[in-house]
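Take a look at the letters that make up each chain.
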Protein chains: 4
Amino acid sequence: FRRRLKYYFMNPCEKYQARRRKPLKLMLQILKMALTTAQLVSFGLSNKMMVGFKDDSRVSFRRLFLEGYKDHRQGSYALYTRSDVNDRVRFIIGQYINLQNLTVGNVAYELVDGEYTPLSVCQKFYRKSNVFPENGTFDIDPCVDEGCLSIHPMQPLHRPPVNLSLDFGSRLLSVSVRFTLKTINLQTVRHHELPDCYDFHVQILFDNRAHSGRITVNLETDVRISECRDWSVEGKSGKINYLLLLFDSVVILICSASLVLCMRSVITGIQLQFEFKLFFHTYFNKAVTWSERMEFVNGWYLLIILSDTLTVAGSALKIGIQTKYLANYDVCSILLGSATLLAWVGVIRYFGFFRKYNILILTLRAAFPNVVRFSCCAAMMYLGYCFCGWIVLGGLHTQFRTPAKVMACLFSLINGDDMYNTFLRMGDKSYTVWLFSRLYLYSFISIFIYMVLSLFIALITDTYETIKHHQQEKSPASQLHAFIAECSEQPGSGRHQTDEEAGSCGCVG
Amino acid sequence: FRRRLKYYFMNPCEKYQARRRKPLKLMLQILKMALTTAQLVSFGLSNKMMVGFKDDSRVSFRRLFLEGYKDHRQGSYALYTRSDVNDRVRFIIGQYINLQNLTVGNVAYELVDGEYTPLSVCQKFYRKSNVFPENGTFDIDPCVDEGCLSIHPMQPLHRPPVNLSLDFGSRLLSVSVRFTLKTINLQTVRHHELPDCYDFHVQILFDNRAHSGRITVNLETDVRISECRDWSVEGKSGKINYLLLLFDSVVILICSASLVLCMRSVITGIQLQFEFKLFFHTYFNKAVTWSERMEFVNGWYLLIILSDTLTVAGSALKIGIQTKYLANYDVCSILLGSATLLAWVGVIRYFGFFRKYNILILTLRAAFPNVVRFSCCAAMMYLGYCFCGWIVLGGLHTQFRTPAKVMACLFSLINGDDMYNTFLRMGDKSYTVWLFSRLYLYSFISIFIYMVLSLFIALITDTYETIKHHQQEKSPASQLHAFIAECSEQPGSGRHQTDEEAGSCGCVG
Amino acid sequence: FRRRLKYYFMNPCEKYQARRRKPLKLMLQILKMALTTAQLVSFGLSNKMMVGFKDDSRVSFRRLFLEGYKDHRQGSYALYTRSDVNDRVRFIIGQYINLQNLTVGNVAYELVDGEYTPLSVCQKFYRKSNVFPENGTFDIDPCVDEGCLSIHPMQPLHRPPVNLSLDFGSRLLSVSVRFTLKTINLQTVRHHELPDCYDFHVQILFDNRAHSGRITVNLETDVRISECRDWSVEGKSGKINYLLLLFDSVVILICSASLVLCMRSVITGIQLQFEFKLFFHTYFNKAVTWSERMEFVNGWYLLIILSDTLTVAGSALKIGIQTKYLANYDVCSILLGSATLLAWVGVIRYFGFFRKYNILILTLRAAFPNVVRFSCCAAMMYLGYCFCGWIVLGGLHTQFRTPAKVMACLFSLINGDDMYNTFLRMGDKSYTVWLFSRLYLYSFISIFIYMVLSLFIALITDTYETIKHHQQEKSPASQLHAFIAECSEQPGSGRHQTDEEAGSCGCVG
Amino acid sequence: FRRRLKYYFMNPCEKYQARRRKPLKLMLQILKMALTTAQLVSFGLSNKMMVGFKDDSRVSFRRLFLEGYKDHRQGSYALYTRSDVNDRVRFIIGQYINLQNLTVGNVAYELVDGEYTPLSVCQKFYRKSNVFPENGTFDIDPCVDEGCLSIHPMQPLHRPPVNLSLDFGSRLLSVSVRFTLKTINLQTVRHHELPDCYDFHVQILFDNRAHSGRITVNLETDVRISECRDWSVEGKSGKINYLLLLFDSVVILICSASLVLCMRSVITGIQLQFEFKLFFHTYFNKAVTWSERMEFVNGWYLLIILSDTLTVAGSALKIGIQTKYLANYDVCSILLGSATLLAWVGVIRYFGFFRKYNILILTLRAAFPNVVRFSCCAAMMYLGYCFCGWIVLGGLHTQFRTPAKVMACLFSLINGDDMYNTFLRMGDKSYTVWLFSRLYLYSFISIFIYMVLSLFIALITDTYETIKHHQQEKSPASQLHAFIAECSEQPGSGRHQTDEEAGSCGCVG
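Because the structure is predicted, anything quoted here is derived from the model rather than measured. (Residues numbered from 1 in each chain as written. Chains lettered and ligands numbered in written order. Predicted model: local features only at pLDDT ≥ 70, side-chain atom pairs only at ≥ 80, totals over all residues. Heavy atoms only, no water.)

With respect to a nonpolar patch on the surface
Residues and elements named next belong to chain A. A cluster of nonpolar residues, Leu 243, Leu 246 and Val 250, forms a patch on the protein surface that exposes about 280 Å² of accessible area. With respect to the helices and strands, the residue Leu 246 is situated in helix H6 (residues 239–284). Overall, the relative accessible area of 54% leaves Leu 246 in the exposed class. (Patch = residues over 30% accessible without salt bridge, like charges linked within 9 Å, V, L, I, M, F, W, Y side chains within 5 Å. Areas by Shrake-Rupley, 256 points an atom, 1.4 Å probe, with all protein chains shown as cover. Salt bridge = Lys/Arg side-chain N within 4 Å of Asp/Glu carboxyl O. Helix = DSSP H or I, 4+ residues; strand = E, 2+ residues; numbered from the N terminus. Buried < 20%, exposed > 50% of the residue type's maximum accessible area, 1.4 Å probe, protein only.)

Topic: the interface of chain B and chain A
Tallying the contact residues gives 89 residues for chain B and 77 residues for chain A. Carbon and sulfur atoms make up 68% of the surface buried where chain B meets chain A, a total of about 7500 Å² over both sides. Our enumeration of links across chain B and chain A arrives at three salt bridges. In this structure, Asp 462 of chain A engages Lys 468 of chain B in a salt bridge whose closest nitrogen and oxygen atoms are separated by 2.5 Å. The interface formed by chain B and chain A includes ten residue pairs in polar contact (both at pLDDT 80 or more). In terms of residue count, the dominant contributor to the side of chain B that touches chain A is helix H3 (residues 24–65) of chain B (18 residues). Here the side of chain B that touches chain A is composed, by residue class, of 46 nonpolar, 26 polar and 17 charged. (Contact = heavy atoms within 4.5 Å. Buried area = accessible area lost by both parts, 1.4 Å probe. Polar contact = N/O pair within 3.5 Å; in protein donor to acceptor, adjacent residues only side chain to side chain. Nonpolar A, V, L, I, M, F, W, Y, C, P; charged D, E, K, R; others polar.)

Focus on the relation of the copies chain B and chain A
Look at the two chain copies: a rotation about an axis and a shift along it is all it takes to match them. Aligned on chain A, chain B shows an RMSD of 0.1 Å; the corresponding rotation is 90° and the shift along the axis is 0.1 Å. Seen this way, the second copy is the image of the first under a four-fold rotation axis. Among all C-alpha atoms of chain B, that of Gly 416 of chain B lies closest to the rotation axis, at 3.4 Å. Interface residue correspondence from chain B to chain A reaches only 6%, placing this contact among heterologous pairings that use different surfaces. (Least-squares fit on C-alpha atoms with pLDDT ≥ 70 in both.)

Re the pairing of strand S6 (residues 137–151) of chain D
Pairing between strand S10 (residues 230–233) of chain C and S6 of chain D: four bridges, direction parallel. Among the inter-strand pairings, Val 233 of chain C is bridged to a residue of S6 of chain D, identified as Ile 140 of chain D. Pairing analysis gives 13 bridges linking strand S5 (residues 119–132) of chain D to S6 of chain D, with the strands arranged antiparallel. Counterpart to Asn 130 of chain D in the pairing with S6 of chain D is Asp 139 of chain D. Where S5 of chain D hands over to S6 of chain D, the hairpin turn is made up of four residues, of which Gly 136 of chain D adopts a positive phi near 65°. (Pairing = 2+ DSSP bridges.)

Quick notes on the interface of chain A and chain C
The partner chain C presents 78 residues to the 89 residues of chain A that form the contact. Summed over both partners, the interface of chain A with chain C comes to about 7400 Å²; 68% of that surface belongs to carbon and sulfur atoms. Counting the contacts that link chain A with chain C gives three salt bridges. Here Arg 214 of chain C and Asp 56 of chain A are joined by a salt bridge, their closest N and O atoms 3.7 Å apart. In this assembly, chain A and chain C are joined by ten residue pairs in polar contact (both at pLDDT 80 or more). A per-element tally of the side of chain A that touches chain C places helix H3 (residues 24–65) of chain A first, with 18 residues. Along the lines of polarity and charge, the residues of the side of chain A that touches chain C split into 46 nonpolar, 26 polar and 17 charged.

Description of a positive patch on the surface
Together, Lys 70 of chain A, Lys 70 of chain B, Lys 70 of chain C together with Lys 70 of chain D line one region of the surface with positive charge. Within the element layout of this structure, Lys 70 of chain B appears in the loop between H3 and strand S1 (78–79). Judged by relative accessible area, Lys 70 of chain B falls into the exposed class, the value being 65%. (Lys, Arg positive; Asp, Glu negative; His and termini not counted. Charge placed at Lys NZ, Arg CZ, Asp CG, Glu CD.)

What about the domain arrangement of chain A?
All names here are of chain A. Segmenting chain A into domains produces domain 1 (1–50 + 241–352), domain 2 (66–227) and domain 3 (360–486). Counting residues at the interface gives six residues for domain 1 and ten residues for domain 2. Between domain 1 and domain 2 lies a buried interface of about 830 Å² when both sides are counted; carbon and sulfur atoms form 57% of it. The largest contributions to the domain 1 side of the interface with domain 2 come from Met 49, Met 50 and Lys 324, which together make up 67% of the buried area. At the surface where domain 1 touches domain 2, the tally comes to zero salt bridges. (Domains from an automatic or database assignment.)

Some points on the UniProt feature "transmembrane region" (unreviewed entry) in chain A
All names here are of chain A. In the numbering used here, UniProt assigns the feature "transmembrane region" (unreviewed entry) to residues 242–263, 300–321, 333–351, 371–393 and 439–460. Secondary structure over residues 242–263 splits into 100% helix and 0% strand, and the C-alpha atoms at its two ends are 31 Å apart. Measuring from the first to the last C-alpha atom of residues 439–460 gives 31 Å, for a span that is 100% helix and 0% strand. (UniProt positions renumbered as here; feature names shortened; annotations may be inferred.)

Side note on the relation of the copies chain A and chain C
Mapping chain A onto chain C calls for a rotation angle of 90° and an axial translation of 0.0 Å; the resulting RMSD is 0.1 Å. Interface residue correspondence from chain A to chain C reaches only 6%, placing this contact among heterologous pairings that use different surfaces.

In structure tokens form, the structure reads like this:
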């Protein structure tokens, strides 16, 4: 029984020496990694084409419909006078009507029942709002009404009646211009893929909810990707598609195989653990601690199982996308990306079979609980600073506007971000707040960079030395290892070959 | 007596084991933290609305009144020719008169005694100033006179006589345009709060004090937030307000309770300390050192007391703001923010009850005095560099203009700021200064990053190892701990329950 | 024999003490370094002039031919409407025809067979492309046809027929404008070098392959540098050229000498190694390990050999460039640059002869294998993150567009790059992806900065201490050193002088 | 004699205990530091006014004379067409003639002998230059001729004959416009200082030396500050000036006193050293090592002497500036700045008198030689990288243009500068160079951040531990300390008071 245990805890090299078993599972694992990465690259290239087309279209819509649009940053495009707002809305309508003569892309209006869908201009306003700031009185009904106007393209007769009247002052909440444009991404034809059809639902929102004299303008596009209805491409495209589907299926097959093997290994481990517990109870009358029982469940197997599950799900989704039934590129890319990340991380396991590499991996693993423990303590202080920063400095600095931004900003500051600008931009307002911001930033940075980061280094340095001493002394760390170590046969002695069946061995070796 | 001492130094877990006392105070503390954070978030959201409105208004005033204003940075908006100055002043007057037709916000002129308050254009000039730079002679009287001009809006008859004549040349010191605008922040209606009324005192200053040919233009707004005089909102707002006030009152109550308990604990500690001193003097005839006496005053209690005081003050202020009697959001946010920061930091105490967490907290606490000590030494060098940098490089680089900026800039440089730009911008002037700036920067960065920061790490690493060895050896650190340790009963032995009354226990457990 | 061995492992100081040999090779090496650096500086100055001229010309072409061109960043110059495209193409043609009256440089059209080469405007389009996005149908032939148009300068009669008709819509793939301009870099005359003649092949590409409504415009120049055909310069230039060639030849000679000496030393080392192996086998009957055998091959010699080879190759190329037979400045600069880098690194060897310097160099050398080993493990995780980041975040953030960019970006993030902007720019799209990006970035940065970097420090700290203890104990590290150490004579005892011939000594001492 | 030695190595506290001597010199030193800093601040404020005026004037000249000037960066203002150059030159002339009506500052033309100095437009050109790039032939005479044209302001009759003809093409090298403007900095009147007169020699250079089609335009001002000739200010200014001079004189006096005392102490130390050497030779017959002899020369005294010398020189210069005899603010600020930096660094000495502070200072001092030693090794590699980067990447990236820039850039990269941009901007040119740049950057950053910086930390950590052990063991480090330690009397025993005269004590205690 001791031999079975020992065999279970061997690595592929030792197994090979013990039973002359070729590390088939290791090869399977490496093959899997190669295939997954190849699949990821292939998906990445077609994803890039889709993302690039979407982004370019979005940019060209902004340029076509927003007059004087230059900068790409959010919220920086804003209007301040009534005439500007009127002009911009009219400009959008004009551009929409003349779109076919203006654009250099192949954009078309949506066609529903043989008729082009109109552009709609909607304004939202309070039902009643009599506001007199001069003497501080107001009478308001917070219910919101909406009034709309439809403008049809391609109908020159309709052009005169565009009598747009925006009710400025305190009533107007927002003006939104909505229209739908259709386009085809022809680029894919050159890469022997079938083109997709895109529906862009464009909404341009003039937001006056704040009534602060500043109307921000945002153009948002909602994209729906669908299969094109009727197509003909001269040439031989379509074939390579089947090859891709075949490739994906192979990936799914291999991952499933790997998944099954790993799960068998995990189950074997759990069974062995029960046997071991029983054995110890019977012969030595000792209890087996939880940490020893956890050693039977190999963390690497769990990682591989997770990775395989993600790959199978991602590949299935990818087939759906390639056959144009599905279009959720985002979810697919997250699944495949995470799977590949885990697959590559899993490779570190094989480095661990070499003694000198092992010490580094062991150090990281041994330091991990302490690092997490300490991170918890630091996180408390960090969260305290986050809340405090958000509430006090939120008004001074855009980086402190939302709690999520404060977290990112403080995290970046610890790791060496542009600190001076953070200091600089807080130097305007009242002296109390200025002083507070200095105290806040200096104390935060000093505590975190000089104390907390240094303690991380101290933790790792200490763990490294501890592990190194352990390895040099080769003392068995637990009952389990002591028990196994008593089995003094060398892996190459050949005994394992006779009294153990080959099937009891795990998935990746 | 030894038992009472031991009991005093127990943590809640041990107290529970000793006397079966439920850690009510710990729960109170956690409840307090949750409530304080909830209160902070609620205040943060309404604060954000106020700050957003103020900022947006300020931006829209800049855009409306400063012709060609684009950039948000301080001081970059400047004029260089006489005609430009005249045009800009006339533009401001024109925009002010037409404001009601231009703006998209609900801004109105101030109404005092049924009449709109005028815009005033004031110029300051030297009483006498005959300056002839061509032959280096001047005759000047540094007394400053001021001349003003009022322009009333809504009076079309008044428009012709705007005969603005600015006395350029050496006499003019500054032109300031001042006016007051009123507005109402309607946004809050949608969040079921009552709207505030805002008075914006706008001042546009054309600053020519330097007489360098460059007139900087600054628009500054001074905001006064007040309750609106007369209002009616259709719907049910007003109720939620009472709930908020109730919530704030609960927070005040809980914090007061926590405050009272903690103070009692601190007082108990001080009493025990006197008894202990007497006891040691009587029985052992030994003096008790200051550091031992300080151990009776628990630092965590002081932190909680400070946090509670701030919370109570901040909540009271918040009630004042919510009922529209007060409007100093800044002070309130600093009080509540600091309180929450301290409350979250206080949570670390409870992590310290677990042994493995404790070592990290102990390390930081033990390293703290050394870090502070070393920071003092480093601060001397740092201040030396600051003064030197300010005086020599102040003229070359905007980051070195004021001592506060130099401090922030050097601090940022140590922590990994954009160094190259700092180097680059100093590369223009005379060779001596250029060389000095190089020496200055290289020496500063090398000393601080390679020597000082490394010593911080050395300090923490060393302390961590010291603490670890101490914990492994479990040697009593002081007379006090040795004395307590002699009391060998386990906390769970039940003795404490009989001869001690429950009330002698501290606030947080 | 032991003495020969000992002598082989001596450093120049000890050799001087042992045999009174002057360290001629050390001097040769230092002379070489000085000459190489001088040569590098001379080449750098003429290279700078060439690069500056090329860059300035490229910028001035962009300004002359691209209307409204301001910014230098790639891809930011794009067009969105048909009229804009037509205007820009016409503008280019107009500027080309009037070039001689516009430009301030001495640019001329290319002259082939007495005739000026024309500007050619070419458009590429699909052979057939009927695309109707409105109902999702298309009929496309992915073959690409090209149509061109030539415009001759200096022929006023040709100007009317410029009837450019671009076939917008789905067919047009790209418009490219190509022409060739010739110029002479006169600047070199003032530095007593002969001027070069430059042929700029300019191509302006209007890229519509994406059909996304956005046509990016790129101006690319392909430069060919050639000897000018016929020239006369009044004055004495030409002489200094010969001095430069002489200098280069001297560098080649010295490097060859150094090369030969070092190779002889390496060969001596290999011979000694075989003798040592035999000796040990015969007398002690012990095997000699690989690591001991590798000690006979001095790594520094290999470094010098590599450096010398590069210098010789680079100098030869430089002579070719100076005599205007070759023009590949790039390769030459890489060769010379790498050679100089290696030569300077080689100087560290001489610091190692001092005991206190040695410990630092030994630490780095001893830590190197561990650092590389650990880097391999970290690289696996790193690559996993790279692939995952590329696929998932590639669409959100320009820094994640290509795998090479992802690698650079993540590498920069570890080393303290602007993190906040990376966080910020991912805050737009769907919530799933936003959440994933946060998890991705926080986990990546935490793992790499807090765990991996700390482990590097732990590795180096540990190695430093190990090396220090070794040095203090002076225990012989291997059989070889133990064997040599038995030869207890001091270097200065004079014995070496008699029974060893001088020629057995290595190249650099 | 041993007592005198011991007394010499005492710190002020111990001296006070030994002889009841008040630490007068320590007080003097602290007084000096306070005065120096106050002086620095006073000089800083008047320096700031001068620098601000100069900068503002420079900016306003750029705005007035360079049409369309926006950006402040060097070299970005350039012209590309002949008509632009002609227009800009004419614009400058026009602005100059109308200056008095345009500018908002009090600028005037220079008046020499009752006549206004003219603006001069000079063009430099090759004497002969026939260049035909089309067939690669040229005939050039590198001699440079210059032709000038003077334009007088205030003479309307002169305006017609401005027939400026620039000889474009290959002959023109540069056009420079030069004029002189005078102004007075009135700002100082308000701070009760006398105004300075400024002569701005403005030169606008259109640089065509490269003949690359790009003419860069630079406006450079050369300022001369002089006393104004004839002035009258109503009010009481002038008095405070005398107070300032008095203050400066006091600083000079105190610094001289400190200087004298310190030099006496150093001399006493050197005398003691000779006596000690003789004593040891006579009684013990032992040689005294150099390191022991160096201990007699207190480094802190040298630092104070240097600081005092700089302060005296700086203060003298400051008096010269304040009385308007001198105007070299730069040198004065460097002298005073360095003096203050050293004075503040000197304060660290007093921290060293406390035991716990001492360990940190000792660590830094002990680690210093090792850090410097290691820096030398690292500097070799660093210089190698610098040269290599300059030659290969100089053409790709502006940060690599000059060796000084490469040094700053690489130094910044090690310390966490914006790395990604450095990577990004190299991604354009040929693949070989791109690959090389990647290798170069990755290897440089990895080696320096992961190996070199870690070794610095290892050095400091190790030194800290060594020093700590030494302090705990209190072993005398050298003969000298052993000798002194034998004198077992406590400082407070009173003996020193009787047999030593007070005057033998050093400057700062």
